[in-house]
Amino acid sequence: MRHIQIVGIGTGNPEHMTVQAINTLNAADVIFIPSKGAAKAELADVRKDICERYVTNKTIRFIGYEVPSRRTADRSYVQGVDEWHEEISAIYERLFLEHLAEKERAAFLVWGDPGLYDSTLRIIERVAARGNVPLDYGIIPGITSIQALTASHRIPLNLVGKPVQITTGRRLAESFPGIAETAVVMLDGQQAFSKIDDPDAYIYWGAYLGTKDEIIISGRLADVSERIVSTREEARARHGWIMDIYLLRKGQDFDDRT
Ligand SMILES: C[S@@+](CC[C@H](N)C(=O)[O-])C[C@H]1O[C@@H](n2cnc3c(N)ncnc32)[C@H](O)[C@@H]1O
């Protein structure tokens, strides 16, 4: 039985690494490192920096692998993701057969926390379900971009006693305002916030959180929306890529005190 650990590494700052994550990396025989193309070379640098800082066990083998792009033409979003996971799971299966002996331990470094908008766990589950490579797996939690965002803005995630919705740019229009007073929006390539017309909404936006390039902007949505759009555009052009997240909020603590 091979052992796979899916290790959360935080969102850009190597100091987000937990002691548990560091110990798990050092206990591995193999660390698998994805390559995501030149545009996101800075993300690969974060993984490299983490390994250089914390991996002291010199016997560990580092194995790189290519991550295929997700195809989007002529298929629904869900079909595209399903096919993509299948393709990556075949790559993982080959990696395990070729580079990991039985009873050896491997680790994947996963951005943020493996449980939040990340598919590594689902893909490993597919490999396990196929049964060609007997394996077991575990998860080491990591600091998420949500925590990085609220910490940088020095705000709590939730209003007192209130729920929070976590959603994507594609789904924002359906969920805010409405289900919850607080919505956290991730994976938004279309700046869905700019289409929300609500005079009472506040936004707390952050890009490249945890890295030396971190940018944060906050304020009444109507006042700062355009500034966020232009800042985002300029930063994306300069870096060649962007990762941003934001929290939208209506109301305040104790609004409903009677
Ligand atoms: C595929 S999800 C991965 C989330 C990750 N597992 C986590 O725990 O935060 C990628 C999205 O997370 C958010 N994100 C991740 N890292 C970020 C960062 N350093 N700064 C801003 N947003 C980030 C962005 O919304 C991005 O589109």
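- With an unreviewed UniProt entry as reference, the protein is termed Precorrin-6A synthase [deacetylating], source organism Rhizobium freirei PRF 81.
- Under the UniProt heading Catalytic activity (unreviewed entry), the note attached to the protein is "precorrin-5 + S-adenosyl-L-methionine + H2O = precorrin-6A + acetate + S-adenosyl-L-homocysteine + 2 H(+)".
- Annotation of the protein in UniProt includes, under Pathway (unreviewed entry), the sentence "Cofactor biosynthesis; adenosylcobalamin biosynthesis."

**Things to note about the site of the ligand**
- Of all residues adjacent to the ligand, which total 16 residues, the nearest are Trp 111, Asp 113, Leu 116, Ser 145 and Asp 244.
- A distance of 3.1 Å separates an oxygen atom of the ligand from a polar backbone atom of Leu 187.
- Isolated, the ligand exposes 560 Å² of accessible area, and the fraction of that covered by the protein chains is 90%.
- A domain-level breakdown of the shell around the ligand finds at least three residues from each of domain 1 (2-140) and domain 2 (145-250).

**A short note on the side chain of Thr 182**
- Looking at the element boundaries, Thr 182 is found in strand β7 (residues 182-186).
- The exposure class assigned to Thr 182 is buried, which follows from its relative accessible area of 0%.
- Only 2.9 Å separates the side chain of Thr 182 from the side chain of Arg 249, close enough to count as a polar contact.
- If we skip the residues at most four places from it in the chain, Thr 182 touches Leu 157, Leu 159, Pro 163, Val 164, Gln 165, Leu 247, Leu 248 and Arg 249.

Reading the values: the criteria
Residues numbered from 1 in each chain as written. Predicted model: local features only at pLDDT ≥ 70, side-chain atom pairs only at ≥ 80, totals over all residues. Heavy atoms only, no water. UniProt positions renumbered as here; feature names shortened; annotations may be inferred. Near = heavy atom within 4 Å. Polar contact = N/O pair within 3.5 Å; in protein donor to acceptor, adjacent residues only side chain to side chain. Areas by Shrake-Rupley, 256 points an atom, 1.4 Å probe, with all protein chains shown as cover. Domains from an automatic or database assignment. Helix = DSSP H or I, 4+ residues; strand = E, 2+ residues; numbered from the N terminus. Buried < 20%, exposed > 50% of the residue type's maximum accessible area, 1.4 Å probe, protein only. Contact = heavy atoms within 4.5 Å.

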